Amino acid sequence: MSESGIISGEFFINGDEACAEGAIAAGCRFFAGYPITPATEIAERMARRLPQVQGICIQMEDEIASMAAILGASWGGVKSMTATSGPGFSLMMENIGLGMMTETPCVVVNIMRAGPSTGLPTLVGQGDVMQARWGSHGVYESIALCPSSPQEMFDLTVEAFNLSETYRLPVFVMGDELVGHMTEKVVIPPPEKIPRVSRRRPAEPPEQHLPFMGGEDWVPPMACAGEGYRLHVTGLTHDEMGYPQTVAQVHERTVRRLVDKIRRNRRRIIRTEAFCTEGAEVLVVAYGCTARTAREAVEILRLQGKKVGLLRLITLWPFPEEAVREAASGIKAFIVPEINYGQMAYEVERCAHGQTETVLLPLMGGAIHTPEMIIAAVKDVLP
Amino acid sequence: MKIKLQPAVPFDREAINRVIEGQHGLHPDDHYLKPGRIPHIWCPGCGLGVALNTFINALKMTGIPVDRAAVVSGIGCTGRVAGYLNMDTYHTTHGRAIPFATGLALTRPDLSVTVFSGDGDLFAIGGNHFIHAARRNINLKVICVNNFNYGMTGGQVAPTTPVTARTTTTPYGNSEAAFNLPYLAHASGAVYVARWTTFHARQLVVSIAETLNIKGFTFIEVISPCPIGYGRPNKIGSGLEEMIYYKENSIVQNGADPREVDIALKGKIIVGKFSETPRPTFLEEYEEKILNKFRRKETQAA
């Protein structure tokens, strides 16, 4: 497909638009979606931009169909994406499970708004982060990235594609309404400066190929439709041939590999950002739009001589256990502001494991934390 | 926490190879069947074997090589068709075969993509996807095996179950009206609509072959016996008796008005090729009206 529609340079665009550009820069050539606030701008940008690079953008009848279509497109050998918000994310869960079970690379963007249900369609929330971990039924491990700026909406969408192609699964970009609708400078590097990963292909001929046999990194190479491999791809528990097996031992082996390929590769996947953490006695752990407020609070507190730092979670899943566990020793508390009533805070507390206190700063949604809220919480610990 | 994993039983490739070597290649159609997947799981008297066989014969008739074909199925007894065919096959989620196949067909227009699924899968949980794919005229060959009930789960009422028919969830008889599938398909925009029973195997082969040779969203309803889930509670009898019922009660009426082909319990079944109404596919329109705008610019620049 043509590369002539590729753009680079500096742009003043919002996070949703940056996400669409990140997808195109990463090589996405198929988008299926359904309009939903606050993610609609992604679909609109894709509808305008994908034809310019000879890609296909289709508005499906709902989010269930959108998710199914991007899985089909991925097996057609094309990098694919959908974008939605909470209600649509819920509808996608069924086929996200199919994507996990069939190890189908693709990217699912969730521009989080406040729920449950229709909630606050136009206002910010962070209530879906656990859904990105446990939303579909059964056992699997997910990868979820959390951008804090329009620039990161671009960068992390590229990274989401690369991770999905490397580890063969649907990867989540967990933006939020604030970051999605925020307009800032976004730098799109020239195409040759953008790292692009494509799924590993089988080296052996079809008769020797085992489509679901994990290699050294637990990830099987992927043959796509029409390549002569005559695969059977099923959401049923299947053996290494891809054949359905209603057998506990096969389930143990097959699904264990789905878990292993993420857990055992987590050090290659996980990214965090440390800000003013040196010598910190209190650490704010935050992500997405909330990390922007937290950074402001830390800057103000540092000027006041308070030993406070920020640990920003760029990867939500797999959870940066090691980073949080190491940070827990020798500090007085973790402060976790999030726009929900405690989701990642439970993970932080789990990893703190009694070494230090965890303080949750919940907001229900529709509004973000002010720096003063975080400053007050820190001063409770560091008067 | 500490994690104590139970040892996993390793994959025994040799055992599968022995099965394949012992069985595969004995049947003349084995080129079309995935090695080591037969015997199938369907009940004695089920019509799905006929449906599978007619599809294979239609491939032979058209000469489409297996590596140019892909089959997508949903969930249920018919959903298992995909797994037996020796080509790229996708067994997806319940009701979602059509949107999955939409993504596949749009990215691989060089492949012939067939959706093989049941009446419950395509018209209850998947009904919305069916009408929209037909409206868009996605290049999909939809074969719906209609056995008037949910067979895999043990014979529950379906959107195709005739009024008064007994199923495990309509123990006093079905009180709901059933879909007339050819009418629904035609009204939604399918470019080819036909209905046959598994008794009409030869006509079915020709119909499937016809659809494989045309572009666009085609629909074939295959009325099929389900002696366990539908035949027994409705006193139609065994698979063979259900075939005799098809033989004696089917009326071949090519070009019949799709509005008038409803099926009543133990009533007449009108079969035939009902309509063929060609129009451009989604992808043809998308390429012509959208992608070509940017192709032309490239050509001019070159």
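Quick caveat, the model's predicted, so the values are computed rather than measured.

Asker: Explain the overall build of chain B to me, please; I cannot follow it from the model alone.
Answerer: Broken down by element type, chain B carries ten helices and ten strands. In terms of C-alpha radius of gyration, chain B reaches 21 Å, essentially the compact-globule figure of 19 Å for 302 residues. Judged by the C-alpha coordinates and their principal axes, chain B covers about 70 × 60 × 50 Å. Within chain B, buried positions represent 51% of all 302 residues. Put simply, of all contacts in chain B between residues at least 6 apart along the chain, 66% involve residues at least 24 apart.

Asker: Would you mind showing me how to read the pairing of strand S10 (residues 269-276) of chain B here?
Answerer: Strand residues, when the strand is regular, have side chains that alternate between the two faces of the sheet. All names here are of chain B. Among the eight residues of S10, six are classified as buried, and the element is accordingly described as predominantly covered. With four bridges joining them, strand S7 (residues 192-197) and S10 adopt antiparallel strand pairing. Across the sheet, alanine 194 pairs through a bridge with lysine 273, a residue of S10. Both strand S9 (residues 250-252) and S10 contribute to a ladder of three bridges, which runs parallel. Bridge pairing links serine 250 to isoleucine 269 in S10.

Asker: Teacher, can you tell me more about the interface of chain B and chain A here?
Answerer: How big an interface is tends to be stated in terms of the accessible area lost upon association of its parts. Chain B puts 38 residues into the contact, and the matching count from chain A is 48 residues. Broken down by secondary-structure element, the contributors of at least two residues to the side of chain B that touches chain A are strand S2 (88-91), helix H3 (97-107), helix H5 (127-136) and helix H10 (282-301) of chain B. The dominant element in the side of chain B that touches chain A, judged by the number of residues it contributes, is H3(B), at eight residues. For the side of chain B that touches chain A, the class distribution of residues is 18 nonpolar, twelve polar and eight charged. Sheet topology note: the strand S10 (residues 232-234) of chain A/S2(B) ladder contains three bridges and is parallel. Bridge pairing links A:Thr234 to B:His91 in S2(B).

Asker: What should I look at first to understand the sheet that holds strand S16 (residues 357-362) of chain A in this one?
Answerer: Sheet strands line up and pair through hydrogen bonds in the backbone, either parallel or antiparallel. All names here are of chain A. Here five strands make up an open sheet; going across it, the order is S11-S13-S12-S15-S16 and the pairing mixed. The open sheet terminates on both sides in strands that have one partner only, identified here as strand S11 (272-275) and S16. Recorded for the sheet is a direction-independent mean angle of 20° between the axes of neighbouring strands.

Asker: Sorry, what's going on with the domain arrangement of chain A here?
Answerer: Residue and element names in this part refer to chain A. Parsing chain A into structural domains produces domain 1 (9-193) and domain 2 (275-381). On a C-alpha basis, the centres of domain 1 and domain 2 stand 26 Å from each other. On the side of domain 2, 22 residues touch domain 1, which itself brings 23 residues to the contact. Of all elements in the fold, only strand S6 (120-124), helix H5 (131-134), strand S7 (143-145), strand S8 (170-176) and helix H7 (177-181) reach the threshold of two or more residues within the side of domain 1 that touches domain 2. Of the residues assigned to the side of domain 1 that touches domain 2, the class counts are 14 nonpolar, six polar and three charged.

Asker: Explanation requested: helix H3 (residues 63-75) of chain A in the structure shown.
Answerer: The periodicity of an α-helix, 3.6 residues per turn, causes residues three or four positions apart to be oriented the same way. All names here are of chain A. Here H3 is 13 residues long and its end C-alpha atoms lie 19 Å apart, about the 18 Å a rise of 1.5 Å per residue gives. Taking burial as the measure, the 13 residues of H3 include 13 buried ones, the bulk of the element. Once H3 finishes, glycine 77 follows within two positions and takes phi at roughly 90°, a positive value.

Asker: What am I meant to see in the sheet that holds S7(B) here?
Answerer: Read from one edge to the other, the open sheet built from nine strands follows the order S10(A)-S2(B)-S1(B)-S3(B)-S4(B)-S8(B)-S7(B)-S10(B)-S9(B), with strand pairing classed as mixed. Edge strands, defined here as strands with exactly one partner in the open sheet, are S10 of chain A together with S9 of chain B. Averaged over all pairs of adjacent strands, the angle between strand axes in this sheet comes to 20°, irrespective of strand direction. Along the sheet, helix H6 (residues 181-188) of chain B makes contact with strand S4 (141-146), S7, strand S8 (218-223) and S10 of chain B, crossing S7(B) at roughly 170°.

Asker: What exactly am I supposed to notice about the environment of B:Phe11 here?
Answerer: Residue position: B:Phe11 is located in the segment before helix H1 (13-23). The exposure class assigned to B:Phe11 is partly exposed, which follows from the 18 C-beta atoms found within 10 Å. Expressed as a C-alpha distance, the spacing of B:Phe11 and B:Thr160, which sit 149 residues apart in the sequence, is 42 Å. What B:Phe11 contacts, discounting residues up to four positions off in sequence, is A:Asp239, A:Glu240 and A:Arg253.

Rules used throughout
Residues numbered from 1 in each chain as written. Chains lettered and ligands numbered in written order. Predicted model: local features only at pLDDT ≥ 70, side-chain atom pairs only at ≥ 80, totals over all residues. Helix = DSSP H or I, 4+ residues; strand = E, 2+ residues; numbered from the N terminus. Rg over C-alpha atoms; globule rule 2.2 N^0.38 Å. Buried ≥ 20, exposed ≤ 12 C-beta atoms within 10 Å, placed from the backbone. Contact = placed C-beta atoms within 7 Å. Pairing = 2+ DSSP bridges. Nonpolar A, V, L, I, M, F, W, Y, C, P; charged D, E, K, R; others polar. Axes fitted to C-alpha atoms, helices over the stretch in contact; angles between N-to-C directions. Domains from an automatic or database assignment. Expected span 1.5 Å × (residues − 1).

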